Amino acid sequence: MSSKLNELQNATVGMSVGVVEVACLQPFNYCKVMLQQGKPLSLDPAKLYRGVVPNMVNMGSCTMIQFAVGGSLKSAAMGAEKRALSAPQEMGCGLAAGVVSAAVGSPLELVMIQQQGQGGTLLQTLKNVAAPSIITRGFVGCAVREGLWTVGYLSVPPIVRRELLARFPDTFDTPTKARVPAALLGGLFACYLTQPFDTVKTCMQGDVARARFGTLRETAAVLWGESGVAGFYRGATFRYGRMVCAVFMMDVLQAAIGPMLYPKAFE
């Protein structure tokens, strides 16, 4: 999200970044979702990319909203000044943008998870989850996760990159060199703080019949009873791998796509 772009421009950049990320990293997502629910993995490409369409719409839409809302909040925080935001301001903008995006992301993820677990066409899956009591399932977990995830990929990397360039100019003499550690730290923050909420949300959305997982609290109790703390971190390795790649990709892509689409805004 850039304070140099308006809401529509930030939204366009966000949509582009989100779609590219899912197209490249969908297999990581499939493995994470299956492990969280205790289901077997498959290397069949058709299964690895099952649910990729709703996930593309999900990530494209959510990233679009996060870039637009986050960019707008950053512009409001800066006012007429041309300055870098403080770390709390950066993180506050990211947190708010992520929570707002969950209103779109949670239903779309439910569709993806149902399609990954049950198979069938996208249209069949949409018919099966159309009831309000089903389509809203897992929203709270998704809102918490998206808020912290957005901080991890939109707020943490610029903060870390800026600090590395300022404190260690001999080692990190270009922004490109600082992007790798920034992505690693952003991915670590986004993954391990949000993983328990993501696991609870995934289990709830994978069991819309409530045969095993009920409310958010009941689902957390089942996971705790089965495996303790480890139960909340099922699939974390695949999720962290995806997040590090995603944070790096998004950091690079947003820096490249914005000036490419809207060069006058960066003059």
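Read on for an overview of the structure. (Residues numbered from 1 in each chain as written. Predicted model: local features only at pLDDT ≥ 70, side-chain atom pairs only at ≥ 80, totals over all residues. Heavy atoms only, no water.)

## Details of the pattern of salt bridges
And then number 1: With the rule as written, the count across this model stands at 13 salt bridges.
And then number 2: A salt bridge links D198 to R239; its shortest N-O distance comes to 3.6 Å. With a gap of 41 residues between them, D198 in helix α8 (residues 175–206) and R239 in helix α10 (residues 236–261) connect regions that are remote in the sequence.
And then number 3: On the accessibility criterion, R239 (5% relative accessible area) is buried.
And then number 4: Put simply, R234 and E226 hold a salt bridge, and the shortest N to O gap is 2.9 Å.
And then number 5: Three or more residues are tied together by salt bridges with common partners; here these are K32, E109, R145, E146, D198, K201 and R239. (Salt bridge = Lys/Arg side-chain N within 4 Å of Asp/Glu carboxyl O. Helix = DSSP H or I, 4+ residues; strand = E, 2+ residues; numbered from the N terminus. Buried < 20%, exposed > 50% of the residue type's maximum accessible area, 1.4 Å probe, protein only.)

## Focus on helix α1 (residues 7–36)
And then number 1: The end-to-end C-alpha distance of α1 is 36 Å, clearly below the 44 Å that 30 residues give at a rise of 1.5 Å each.
And then number 2: Roughly 65° is the biggest bend found in α1, and it falls at L25, with proline P27 one to four residues downstream. (Expected span 1.5 Å × (residues − 1). Bend = angle between axes of the 7 residues up to and from the residue.)

## With respect to the nonpolar core
In a soluble, globular protein the nonpolar side chains are often hidden away together inside.
And then number 1: Residues V13, V17, W149, Y153 and M250 are the most contacted members of the largest nonpolar core, which totals 22 residues.
And then number 2: At the level of elements, α1, α3 (52–78), α7 (139–167), α8 and α10 are the ones that each hand at least two residues to this core.
And then number 3: Tallying contributions element by element places α10 first for this core, with 7 residues.
And then number 4: Excluding residues within four positions of it along the chain, W149 makes contact with Q66, A190, T194, M243, A246, V247 and M250. (Core = buried A, V, L, I, M, F, W, Y, C linked by side-chain atoms within 4.5 Å. Contact = heavy atoms within 4.5 Å.)

## Regarding the packing of α7 against α10
And then number 1: Following both chains from N to C, one finds α7 and α10 inclined at 55°, their axes separated by 11 Å at the closest point. With respect to each other, α7 and α10 are oriented oblique. Seen along the crossing, α7 lies across α10 with a hand that is right-handed. On α10, the residues touching R145, W149, G152, Y153, L154, P157 and R161 of α7 are R239, M243, A246, V247, M250, D251 and Q254.
And then number 2: Looking at the contact of α7 with α10 residue by residue, the class counts come to 8 nonpolar, 2 polar and 4 charged. (Axes fitted to C-alpha atoms, helices over the stretch in contact; angles between N-to-C directions. Parallel < 35°, antiparallel > 145°, perpendicular 65-115°, else oblique. Left-handed = near helix turned anticlockwise from the far one by under 90°. Nonpolar A, V, L, I, M, F, W, Y, C, P; charged D, E, K, R; others polar.)

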